[in-house]
Amino acid sequence: MSSTDGKSSQDSIDASLSSDAPSMKHGQQSSDDLALRSKNDHPPMETSKSAPVSTVTSPTSTPEKKKGLFGKKVVSPFESRSGDRSKVTKSRSESTTDKSPSSENGKEGKSIVGKLLKKFNNNPRKGETGDDTPSNRSTIAEDRTDIYVQPEKKIEESPSEEERQRAHTTSDANVNSNQRGSDEANRRMTDNPSSPREEKKKKEVVFIKKPKSNAEDRLVAHLLIIGVGKTLQPLSAKQSEKNMDLLSRVYKAEQLYSFPQVDKEFPPHLWMFCLPRGVQIETRDRGQTCFPFVLTSATGKRMYAYNITFWEPCSPEFIRDNLLPPKTAVDPKNLPSYFVPKCVCIISHHPHYAVFREWLVEFHKRIFNMKLTISVEQMMINFAMQVPAPPPRNLKVKFNIGEKLVSISRPPITSLPMSDFPMMYAFKVLSLRNLLTVFKCLLVEQKILLHSKHVTLLAYTCETLQLLMFPFEWPHVFVPNLPEVLMDFAFSPTPFIIGALTDFVLPIVDYIKQDVVIVDLDLDQISLPEEAFQLVELPEPESSILMQDLQKFFQSDILSLDNPQFNPYALSRNETSMATTNCYIQSAFLKFFVSIFRDYRQFMMYIRCLESPVAIFDIVNFLNLRPDAMPFFESFMETQAFSMFLEEHNRPKESIFNDWIDNAVYNFTIEDVISKLAPNQASKERFPEVVIVPEPKKLTKENTVEYTVFPVLDEFQLDEGYSLHLAEISKKAPKERADPRKQATPGPTPRELIVEEALETKQREHEVQEKVVRELSLKLVDPVVSEAPLSASEETQLLEFFKFEYGRKAFASALAEERKDEGRLSDASFTQTAEMVNSALREAASNLDFVAPRILVPLTFKYHHIADGAEDHLYNRVRKQDIWQNADFWEKAFFDSSSKQIRELYGGDVRKILRQAPNYTTVKRKELAAKELDEIFRLLSKFAFNMVNLGVAPDTIRRWMLKMCSMCSIEEDQAKILNQLLSNMSRANEMSKAEEEPLIRMGGFKKGDRYLPVGLTGRKEKSEGPELLFNFIEEKTEGKPNPLKKVHQTFKNNWFQKKRTVNQDMKSEEHDDYTVKTFIGHTEGVLSAVLTDMGPISGSCDGTIRVWNTFTAKCVSTMTGHTGWVNLLEIYDDGKLVSGSYDHSLKLWDINKCTKMHSMRGHKGSISCLAVKDARSILSGSYDNSINMWDTRHHTKSMLTFLGHAAPITCLVLEGNTMVTGSRDATLRVWDLRTGKSMKILKGHTDWVKSCRLQGDQIFSGSCDSTIRRWALNGEVTSSVLLEGHSGTVNALLWTDNSLVSASADSTVKVWSLNDTSPSATLQSHSDEVMDLVTFQTKVVSSSYDRSIKIWDLKLESLLCTLQGHGNRISSLRSYGNQILSTSWDNTVKLWQFPIDWRPRTV
């Protein structure tokens, strides 16, 4: 096994992988891309029967790109080389030329082809011969659309000379020839344009050839050819520098051809994965390389690929046109040799890597290194069109690769997942300890970057890591082979598994090591993130057992050294097969997961079964089983992989994971697992079905050919593949025999027996004590006793039992026993019972015990006494208990009750019903679903009644009700009925006036929740990582600026300049000339904040408002009440705060008491802007197109409502009794606050008004139309001046020092003089949208989506300082004296504190 540095195993890795090169010898090859011969092209390998063939070359001929007789695009080849290209015994196309129009299979148009080819054979044009000279070859043009135009139904005349020239073109084989041919074709089309009728007819008959089978049903979805396009395109602007050597540049490649054709071509970035370094011109043949990679779509769907790359020589014309200075006269014989790469790539929906590699190697070998007995086209047709993908069951598909018969299969869902590659390599390059370290990082969804000098090793290791997670899936970005041009994605904020060549990674290591796990496969080294990362330990003893199992297999010789029977001097060792090794590795890790999650099904509480199952996973009780491993489980259960696992297992399903749990595999040794339960890969009994694919058509002995360069493909033969069907597979699997490997579950282990005995002893002790508690409790509620039923000593004894959970539970259970008196007590007994119940509830609240209080809730409505002639119930005496205000208590009580109801409804076995549900009729399913909904509705009503009468705060009840409705999938109208019922009960109980909260569905479920809902979001939650990667690649391919590059550049610029010391709690950072304090606590993005004497107050998307202490950077209080995002905060009086939210309401808060005072409702849309006129007047703009004015003393409804805008309000400013508002209706309005009327309507913008500023008698407005307008209000006629200069939305305006400052989406800040219409200065440094502007001392501060804050000196027109620290977009910015307050979507608030006399160190 490899040591820590991995050197001991490196030689074996190098030998086994041999730099990803297949074991073959490459012959003389051509630089052109795969040529495709059209149906109407001259066959490239044809000789005349009557005369010997002479070779004529025309290196100076100009190619023409034209259309053949059938409308198929015929384009020029990429290369022209003199000499014979192949040795031909008999032409495969000879039979085609001999066909007559009246032949049996002759179709319309074939006679013309015969005439054409016959004329060409008898009278070859200059530069054309009957052999396979380059001048007779045609290839694929740049626009490979694979579109065919249907031929005319009848053509009687023989082809003319013009038709012959359109059907056959001679050309140079260099890349530039395509462009010249295209220009020539365009010129001729201009000279002889087609009639509009002919053009219209052609468009109407365009169609695309499609295969008979679906791509997912075939083993191979597509065979692709990747290579150099028509011109050499530099990979980047840097590669285009004139002083750069042409041979040192890196160029782009492109997709040249796809078989079968596709409606829509693959993304243009596909070539990057085939050629991760890009295209480089070499002076020698670099040999072949062969490696796999994975493509991920924006939705996370994966395609599996295998690629073989080889090198072909460049033609003299290609060298002359691309690699030499223009107009350079050089003898072609004296030109040096240059080579360019070409790739053949397999794309599939199924990861059968072994067979893909074997076919590519055989395909290449047969073309270049042996006589070809099967045509290239037939090999492609047979592999891509006839071989089906085996279904996931015990079935083998057999087919030929060359002369060898191979077989493939996919394991059934009750077996280990498919691993068609050697997992051994990951364990060879990484020590067991290091591999388990990477495994830990994988489970908690860290960002993991692996690098090596072997591409195939990267792919195998990445695939191994994700297979080790089974039965969990990696839901994030998975790129085993990241091209060099895409390395900026390593700065992505989302988790990923990325593999890259070492020389790609080294330049960015210093910039990513702070939050990326970097794994060096060549040196067996791991670099963990430098900051804020604590690696969780795997649960014990399962972790140690896993390590021992792996050591038994990989280090068996070391473990056997002390055994006298072992010979340490033996030179040979029996290597196990790939299937056996993979089976052992997967079984060891699956056994680990079975051990730690054996009880997961017990904590799935079903609250709905039909139509769609909804379950609640009880995280808290699950964690209580393993308090020793709580850090690991807490971290793992927050991952998306765990959520997806629960979604997958929400319904009962067959899986090897559940089978192993049922068979108690956690009690087996690894040897027993392999021998008894793990599938035997070598067993023939596993494959009762065998499907044999027909062999490809072979050439006759006379037709045998041998190529020295990559051949031209015959499109006639390729088209035959579209009519072929896959080898037939029975859709219905045969009935399998019972698995003899499954046996009775073994007995408990010695360790489990010891634990069980200890529990039994403890249980017996509790039973004795519970008996005493029961006797005292029954005595307490004895209706016969008229005086206090318990003595002082008995009362003390009972209070002592209340300190233990079993004592409280026994007390509550005794009170719950059936009674004939219906709970009526004497006055003395009632008083003492109330005291005892209060004591039990207090102890339960302090210990977070929800069991006893849940039993006591209905009893508080049962026990009563008669006071003043009326019943006085116990709930009136326990209303003030803290346990009732705990929403978690009510959640657990409701979930337990609803789960019990579902079990009772279906007779106890819910999972059995779920298995039978697909067989129910639609009527029965709907009937059962309606019953479920009725039961939940009644239960929610009952809980609401209990909560109201037990004194639960109205806001707590409403939030709880909204959450439960969401989790139970209650319909909107029924949820509104419950909300109204709750309001009626609140008023009837005279608790408070009910606030009509809008019904808002719960969003996501946040970290820290006690329960994880399963079944609400469908099968799996979508990860944003794959979509981010897809967009990043798209931007990179199209040359657009990408945000990750900006992040990279910003980070790089500030990395060595930033000097900071971080204290232990990671809340305060001291820089050279300022201090930044970070306030962490919100669970979602922070949208707004204000600063008070105590500290910042922040509003968040999590619906809470937090009050912070500046000195400790800790949260003082969390104020709840909003049910939507809190996006606006303002101080309106001393110690008073107003908040605006997406829940359509404003709320007033007492900051000193950290309590809500009032709610103000009147808007029908989210609050978009907020302004404070004075301590009594507040104005709010909304998405409902209105502005409301509120009196803080009379908060029931608004004082005034300003109507007039036709779209949502976007900005609002005040000055005295004048208000200016901007709207998405592209207008501004000036209002008189005293009358509530609109005085002026300002029209001029052509898009949304985004910002406005009122300065004296002038108004400045910024718009999404990229302009600023200055409006003069000193007259009846309103005039405006247009200020142009920005190229993006004007997001913010600021007036300072008699100048206007604007911030825009074009990443700039501009300064405008009062009388100028163009900017006097443009401040550029941000790399993304600038969103906000504030004044700071005598300077201006800007914030941007690039996560930075910048301080500017307007007089010097220079940047003074850049503040970095936020991990996501900055959402708001404010300044207070020498302090700057910022909030971000990274869930944090930052306070930047500067000295009063602060001056930047560098101006």
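All figures in this text were calculated on a predicted structure; none of them were measured in a lab.

A. Region of the structure containing the overall build of the protein. When helices and strands are counted, the protein shows 36 helices and 60 strands. For the protein, the proportion of its 1403 residues judged to be buried stands at 54%. Once local pairs closer than 6 in sequence are excluded, the contacts in the protein between residues at least 24 apart make up 68%. In the form shown here, the protein has an accessible surface area of approximately 62,900 Å², with 49% of it arising from carbon and sulfur atoms.

B. View of helix H18 (residues 578-596). With 19 residues, H18 ought to run about 27 Å at 1.5 Å a step, and its terminal C-alpha atoms sit 28 Å apart, in line with that. Where burial is concerned, most of H18 is hidden: 16 out of the 19 residues are buried.

C. Here's a closer look at the sheet that holds strand S47 (residues 1258-1263). One open sheet accounts for four strands, arranged S46-S47-S48-S49; its pairing is antiparallel. Whereas interior strands pair on both sides, the edge strands pair on one side only; in this sheet they are strand S46 (1249-1255) and strand S49 (1279-1284). Within the sheet, the average angular offset between the axes of one strand and its neighbour, ignoring direction, is 20°. Here six bridges tie S46 to S47, and the two strands are oriented antiparallel to one another. Of the residues in S47, the one forming a bridge with valine 1249 is serine 1263.

D. Spatial organisation of the side chain of threonine 860. Checked against the element boundaries, threonine 860 lands in helix H29 (residues 851-860). In contact with threonine 860, not counting residues within four places along its chain, are His873, Leu874, Tyr875, Val878 and Leu950.

E. Structural detail: the environment of tyrosine 606. Relative to the assigned elements, tyrosine 606 resides in strand S19 (residues 604-608). Judged by relative accessible area, which is 5%, tyrosine 606 ranks as buried. Linking tyrosine 606 and phenylalanine 617, residues 11 residues apart in sequence, is a C-alpha distance of 8.8 Å. When neighbours within four sequence positions are excluded, tyrosine 606 is seen to be in contact with Pro613, Val614, Ala615, His649, Asn650, Arg651, Ser898, Ser899, Ile902, Val910, Arg911 and Leu914. Of note is the side chain of tyrosine 606, whose polar atom sits 2.3 Å from the backbone oxygen of asparagine 650. Looking at tyrosine 606, its side chain comes within polar contact range of the side chain of arginine 911, at 3.0 Å.

F. Spatial organisation of the nonpolar core. Counting 191 residues, the largest nonpolar core has Phe399, Phe589, Phe597 and Phe617 as its most contacted members. The greatest single-element share of this core, amounting to 10 residues, is contributed by H18. When residues no more than four places from it in sequence are discounted, the contact partners of phenylalanine 589 are Phe427, Leu435, Leu436, Phe439, Leu468, Leu546 and Leu550. In terms of nonpolar packing, the next biggest core, distinct from the first, is built from 61 residues, Ala812, Phe894, Leu939 and Ala944 among them.

G. Expanded view of the sheet that holds strand S52 (residues 1308-1312). Strand order in the open sheet formed by four strands is S50-S51-S52-S53, with antiparallel pairing between adjacent strands. The open sheet has two edge strands, strand S50 (1290-1296) and strand S53 (1321-1324), and neither has a second partner. When the angles between neighbouring strand axes are averaged without regard to direction, this sheet yields 20°. Sheet analysis places strand S51 (residues 1299-1304) next to S52, joined by four bridges and oriented antiparallel. By the bridge assignment for S52, serine 1302 is matched with lysine 1310.

H. Representation of the packing of aromatic side chains. On inspection of all chains with the given rule, the structure shows 60 aromatic pairs. Ring plane angle 10° and centroid distance 5.9 Å describe the contact between phenylalanine 597 and phenylalanine 622, whose orientation is recorded as stacked. Of this pair, phenylalanine 597 sits in the loop between H18 and S19 while phenylalanine 622 sits in helix H19 (residues 619-625), and the two are 25 residues apart along the sequence. Owing to a relative accessible area of 0%, phenylalanine 597 belongs among the buried residues under this scheme. The cationic tip of arginine 598 hangs over the ring face of tyrosine 666; the distance from NZ or CZ to the ring centre is 3.9 Å. The residue whose ring lies beneath arginine 1224 is tryptophan 1248, and the NZ or CZ to ring-centre distance is 4.1 Å.

I. Quick look at a nonpolar patch on the surface. Where nonpolar side chains cluster on the molecular surface, the patch consists of Trp1125, Tyr1142, Tyr1183 and Trp1385 and spans about 360 Å² of accessible area. Within the secondary structure, tyrosine 1183 sits in the loop between strand S39 (1177-1182) and strand S40 (1187-1191). Overall, the relative accessible area of 34% leaves tyrosine 1183 in the partly exposed class.

J. Structural view of the pattern of salt bridges. Throughout the structure, instances matching the rule amount to 28 salt bridges. For arginine 626, the salt bridge identified is with glutamate 542, shortest N-O distance 3.2 Å. Here glutamate 542 lies in helix H16 (residues 542-554) and arginine 626 lies in the loop between H19 and helix H20 (630-637), a separation of 84 residues in the sequence. Just as arginine 626 is buried, glutamate 542 falls in that class too. Here lysine 892 and aspartate 896 are joined by a salt bridge, their closest N and O atoms 3.3 Å apart. Here lysine 892 and its partner aspartate 896 are both found in helix H30 (residues 887-905), four residues apart, which amounts to about one turn of the helix. For the pair lysine 892 and aspartate 896, one class covers both residues: buried. Three or more residues joined by partner-sharing salt bridges are found here, namely Glu362, Lys365, Arg366 and Glu403.

K. Fine view of the packing of H29 against H30. Running from N to C, H29 and H30 cross one another at 75°; their axes reach a closest spacing of 10 Å. Taken together, the axes of H29 and H30 lie roughly perpendicular to each other. Across from Pro853, Arg854 and Val857 in H29, the residues of H30 making contact are Phe889, Trp890, Ala893, Asp896 and Ser897. Residues belonging to the contact of H29 with H30 are distributed by class as follows: five nonpolar, one polar and two charged.

L. Region of the structure containing the pairing of strand S60 (residues 1388-1393). Among the six residues in S60, five count as buried, and that is most of the element. Relative to S60, strand S29 (residues 1075-1080) runs antiparallel, the two sharing six bridges. From the neighbouring strand, phenylalanine 1079 faces S60, where its bridge partner is valine 1389. In the sheet, strand S59 (residues 1379-1384) pairs with S60 via five bridges, with the strands oriented antiparallel. Within S60, the residue paired with threonine 1383 across the bridge is valine 1389. Counting the residues between successive antiparallel strands, the hairpin from S59 to S60 contains three residues, one of them, asparagine 1387, with a positive phi of roughly 75°.

M. How the structure looks around the pairing of S50. The buried fraction of S50 is high, at seven of seven residues. Two elements, S50 and S51, share six bridges in a ladder whose sense is antiparallel. Across the sheet, residue tryptophan 1295 finds its bridge partner in S51, namely leucine 1300. Between the end of S50 and the start of S51, which pair antiparallel, lie two residues, with aspartate 1297 showing a positive phi angle near 50°.

N. Seen up close, unusual backbone geometry. Each neighbour pair has its own omega, and for phenylalanine 470 with proline 471 the value is 15°, a cis peptide bond. With respect to the helices, strands and loops of the structure, proline 471 is situated in the loop between helix H13 (455-468) and strand S15 (477-479). A cis amide bond, omega 5°, links glutamate 540 with the succeeding residue proline 541. Tracing the chain through its elements places proline 541 in the loop between strand S18 (525-527) and H16. Despite not being glycine, aspartate 524 has its phi angle at roughly 55°, a positive value.

O. Molecular detail of the side chain of serine 777. Following the sequence through the fold, serine 777 ends up in helix H25 (residues 750-780). Of the polar contacts made by the side chain of serine 777, one reaches the backbone oxygen of valine 773; its length is 2.7 Å. Residue contacts for serine 777: discarding those within four places in its chain leaves Leu798, Phe811, Ala814 and Leu815.

P. Structural view of the environment of leucine 950. One can find leucine 950 in the loop between helix H32 (922-949) and helix H33 (954-967). Exposure remark for leucine 950: the relative accessible area of 0% places this residue in the buried category. For the pair leucine 950 and arginine 877, spaced 73 residues apart in sequence, the C-alpha to C-alpha distance is 9.2 Å. With residues near it in sequence (within four places) discarded, leucine 950 still touches Val857, Thr860, Phe861, Tyr875, Val878, Arg879, Trp884 and Trp890.

What counts, and at which threshold
Residues numbered from 1 in each chain as written. Predicted model: local features only at pLDDT ≥ 70, side-chain atom pairs only at ≥ 80, totals over all residues. Heavy atoms only, no water. Helix = DSSP H or I, 4+ residues; strand = E, 2+ residues; numbered from the N terminus. Buried < 20%, exposed > 50% of the residue type's maximum accessible area, 1.4 Å probe, protein only. Contact = heavy atoms within 4.5 Å. Areas by Shrake-Rupley, 256 points an atom, 1.4 Å probe, with all protein chains shown as cover. Expected span 1.5 Å × (residues − 1). Pairing = 2+ DSSP bridges. Axes fitted to C-alpha atoms, helices over the stretch in contact; angles between N-to-C directions. Polar contact = N/O pair within 3.5 Å; in protein donor to acceptor, adjacent residues only side chain to side chain. Core = buried A, V, L, I, M, F, W, Y, C linked by side-chain atoms within 4.5 Å. Phe/Tyr/Trp six-rings, centres within 6.5 Å; stacked < 30°, edge-to-face > 60°. Lys NZ or Arg CZ within 6 Å of the ring centre and 35° of its normal. Patch = residues over 30% accessible without salt bridge, like charges linked within 9 Å, V, L, I, M, F, W, Y side chains within 5 Å. Salt bridge = Lys/Arg side-chain N within 4 Å of Asp/Glu carboxyl O. Parallel < 35°, antiparallel > 145°, perpendicular 65-115°, else oblique. Nonpolar A, V, L, I, M, F, W, Y, C, P; charged D, E, K, R; others polar.

Don't take any of this as a statement about function, it's just geometry.
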